[in-house]
Amino acid sequence: MVRLFCPDALGLGRTQVLRMVWPIIVANASSPVLGLVDTAVIGHVGTTADLGAIGLAAIVFNFIYWSFGFLRMGTTGFVAQAAGADQELEVRAALGRALAVAACAGSLLVLAQSPLERVAFWLSGASPEVEALARDYFLLRIWAAPASLATFALLGTLIGLGQSRMLLRIQLCLNAMNVVLDVLLAGVLGMGVRGVALGTAFAEWTTLALALSWVLALLWNRRAARRPDDERQAGDLGAKEPFWAWDLIRDRAKLLQTLSANTDLMLRTLLLIFGFAWFVDRSAQLGNEVLAGNQILLQFVTLSAFFLDGFANVAETLVGRAVGARDKHAFDRAVRLSTEPALATAAVLTLAIVGFGEPFVQALTPLLDVRESASRVLPYAAGYVLVAAAAFQLDGIFIGATRTRDMRNGAAWSVAIYLVAWFGLREVGGNPGLWLAFTIFAAARGLTLAVRYPALRRTLG
C-alpha cells in the first residue's frame, strides 16, 4: 500500500513547501496584532495608567502562554508521525490527549490565579495605580487560559496535518473578534482596561469553539475518506472505527510519552526565555540608550523569526510524517525541501538588515544617542539572524521527530555556553560583546542539535 501522507507519496516539491509556509508566516506576523489592538484602543480612550497596565499585563500573559507553547509543538510531532504511519485513530487520539493536558493545565492556571497574580506583580516595579489596573486585567483574562491552551493543541494538530491555511483562518478570526470586542467594550461602552480583558477573553473562547469545530470536521472528513481495505491494512478497526478511541487516548504509555515530551519542551522553553531575559537585563545595565537601541534591533530578530519559524513549522510536518512512515529517503527529502528555502530566506533577511537597517532605526526613533547605539551593533543583529536560521530549522526537525530530550539538553548546554561567553566578553566587548555572546547562544542552539542529528537519522534504519 502507498502511504497517504509520506512526502514522496504527495510528490511534494519546493512550490508546495512555499504554499505551506506563507500562511504560517502571515499567521505568525498577525499574532502581535492582539497586543497592538489592545494598546491602540486604550491609547485613544484611556489614561497613561491604563496604557501602562495593558503593557504590564501583556508581558505576564506572554510569559505564561509562551511557557505552555509545548502544547503546540508536542502535538505537532505526535500528530505528524501518526499521519505518516497512516494511523488515523492515533491522529485523533494524539489530539485527545493534548486537549486533556490543555484542559488540566488551563484549569490549574485558573485555580492558581491568586498566587500567580501575587508573584507576577510582586516582581514588577510599576506604580500602585498601574499595578492595580493590571491586576484587574489579569484576574479577568485568566479565565480564558483553558481556551488558549486548548487552541494551542488544535493549532499543533493543524500544523502536523499540513493544514496551514486553516491555521491562518483561525488566527485571523481571533484578531478580528478581538478588534471588534475591544472597540465595543473598552471604547463604546467605556469599560477601559476591564473591557479589553473581557473582550480578549471572550475572543479566545469563541476562537476555541470555531477552531474545535473546524478541526473536528477536518478529522471527520479524513475518517470518511478512508477506504475499508486501507483501514484493514493500516491496522485500524475497520469501516466502523470510532471517532474517539478512548482506550487509545487513555493508554498509559502514550500518556506518559506525551507528558514526558511536554515537560522536556516546557523546560527547554523556559531556558530560552531565560536567555532572552538575560540579554535584556544586561542591556539595561549598559545604560538606557543601549537598552533602547537593543530593543529596536530585537524587532529585526522578531520580524525575522516570523519567516524562519514558518519554515521550521513545515519541517515539523514533513519530518514527523517521514518518521511516522519510517522512511529515511522521505526524511532526507523533507529536511532538504524545508531547509534550503529557510537558509535562503535567512540570507535575504540578513542582507536586508545590513542594507536597510539604518533607515529603519531612524524611522523608529528621533533620539540620536539611541540611533548611534543601535547603528554600532547593527551588523551583529544581522549576523544573529543568519546564525539563528540553523537553530530554528533544527528545532523544527527535532520537534517533528519528537526528540524532545535532545532539545531540552541542547537548550541547557546553549545557556551554559552563552553565559560563559558573556562573562568572557563583558569586560572588553561592552554592547558588541553582549551581541556576540547572544549570537554564540544562537549558534550553540544549532550546534547542540546538529551533533545529535546523525543519531536521529540512524533511528530510521
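Residues numbered from 1 in each chain as written. Predicted model: local features only at pLDDT ≥ 70, side-chain atom pairs only at ≥ 80, totals over all residues. Heavy atoms only, no water.

Student: Would you mind showing me how to read the packing of aromatic side chains here?
Tutor: When we look at a pair of aromatic rings, we describe it by the centre distance and by the angle of the planes. Scanning all chains against the criterion turns up 23 aromatic pairs. Measuring from centroid to centroid gives 6.0 Å for Phe61 and Tyr137, while their planes differ by 70°, and the two rings are edge-to-face. Of this pair, Phe61 sits in helix α3 (residues 48-67) while Tyr137 sits in helix α7 (residues 128-141), placing them 76 residues apart in sequence. By the burial criterion, Phe61 is buried, and Tyr137 matches it. Ring geometry for Trp422 against Phe423: centres 4.8 Å apart, planes inclined by 75°, an arrangement best described as edge-to-face. Since its relative accessible area comes to 10%, Trp422 is described here as buried. Phe423 gets classed as partly exposed once you look at its relative accessible area, which sits at 44%. Pairwise contacts between aromatic rings join Trp66, Phe276, Phe279, Tyr384, Tyr418, Trp435, Phe438 and Phe441 into one cluster. A cation over an aromatic ring shows up here: Arg141 above the ring of Phe61, its NZ or CZ 4.7 Å from the ring centre. Lying over the aromatic face of Phe392, Arg445 brings its terminal NZ or CZ to 6.0 Å of the ring centre. (Phe/Tyr/Trp six-rings, centres within 6.5 Å; stacked < 30°, edge-to-face > 60°. Helix = DSSP H or I, 4+ residues; strand = E, 2+ residues; numbered from the N terminus. Buried < 20%, exposed > 50% of the residue type's maximum accessible area, 1.4 Å probe, protein only. Lys NZ or Arg CZ within 6 Å of the ring centre and 35° of its normal.)

Student: Just checking my understanding: could you explain the environment of Asn294 for this structure?
Tutor: Tracing the sequence through the fold places Asn294 in helix α14 (residues 288-325). Judged by its relative accessible area of 2%, Asn294 falls in the buried class. The residues contacting Asn294, other than those within four sequence positions of it, are Phe279, Ser283, Val377, Asn431, Leu434 and Trp435. (Contact = heavy atoms within 4.5 Å.)

Student: Looking at this model, I keep getting lost on the nonpolar core. Mind explaining?
Tutor: Counting residues in each nonpolar core, the largest one holds 92 residues, and the members touching the most others are Phe68, Leu71, Tyr137, Leu149, Val319, Phe331 and Ile397. With 10 residues, helix α8 (residues 145-160) is the largest single contributor of residues to this core. Residues within four places of Leu149 in sequence aside, it is in contact with Tyr65, Phe68, Leu71, Ala102, Ala105, Gly106 and Leu109. (Core = buried A, V, L, I, M, F, W, Y, C linked by side-chain atoms within 4.5 Å.)

Student: What am I meant to see in the pattern of salt bridges here?
Tutor: A side chain of one charge can pair with a side chain of the opposite charge if their charged atoms are brought near each other. Scanning all chains against the criterion turns up 14 salt bridges. The shortest N-O distance in the salt bridge between Arg445 and Asp395 comes to 3.0 Å. Pair noted here: Arg445 is in helix α18 (residues 404-450) and Asp395 is in helix α17 (residues 378-400), with a separation of 50 residues, a long-range link. For Asp406, the salt bridge identified is with Arg403, shortest N-O distance 3.2 Å. Judged by its relative accessible area of 11%, Asp406 falls in the buried class. Residues joined in a network through salt bridges with shared partners are Arg268, Asp395 and Arg445. (Salt bridge = Lys/Arg side-chain N within 4 Å of Asp/Glu carboxyl O.)

Student: What is the right way to read helix α6 (residues 113-122) from this model?
Tutor: One turn of an α-helix holds 3.6 residues; hence residues three or four places apart share an orientation. Of all the positions in α6, only Gln113, Glu117 and Phe121 are classed as buried. Buried residues of α6, seen end-on, are gathered within an arc of 45° and therefore sit on one face of the element. Looking at α6, the residues exposed on the side facing more than 90 degrees away from the buried face are Arg118, Val119 and Trp122. (Arc of directions from axis to C-beta.)

Student: What should I look at first to understand the side chain of Thr350 in this one?
Tutor: Among the secondary structure elements, Thr350 is positioned in helix α15 (residues 328-364). If sequence neighbours within four positions are ignored, Thr350 has contacts with Ala382, Val385 and Leu386.

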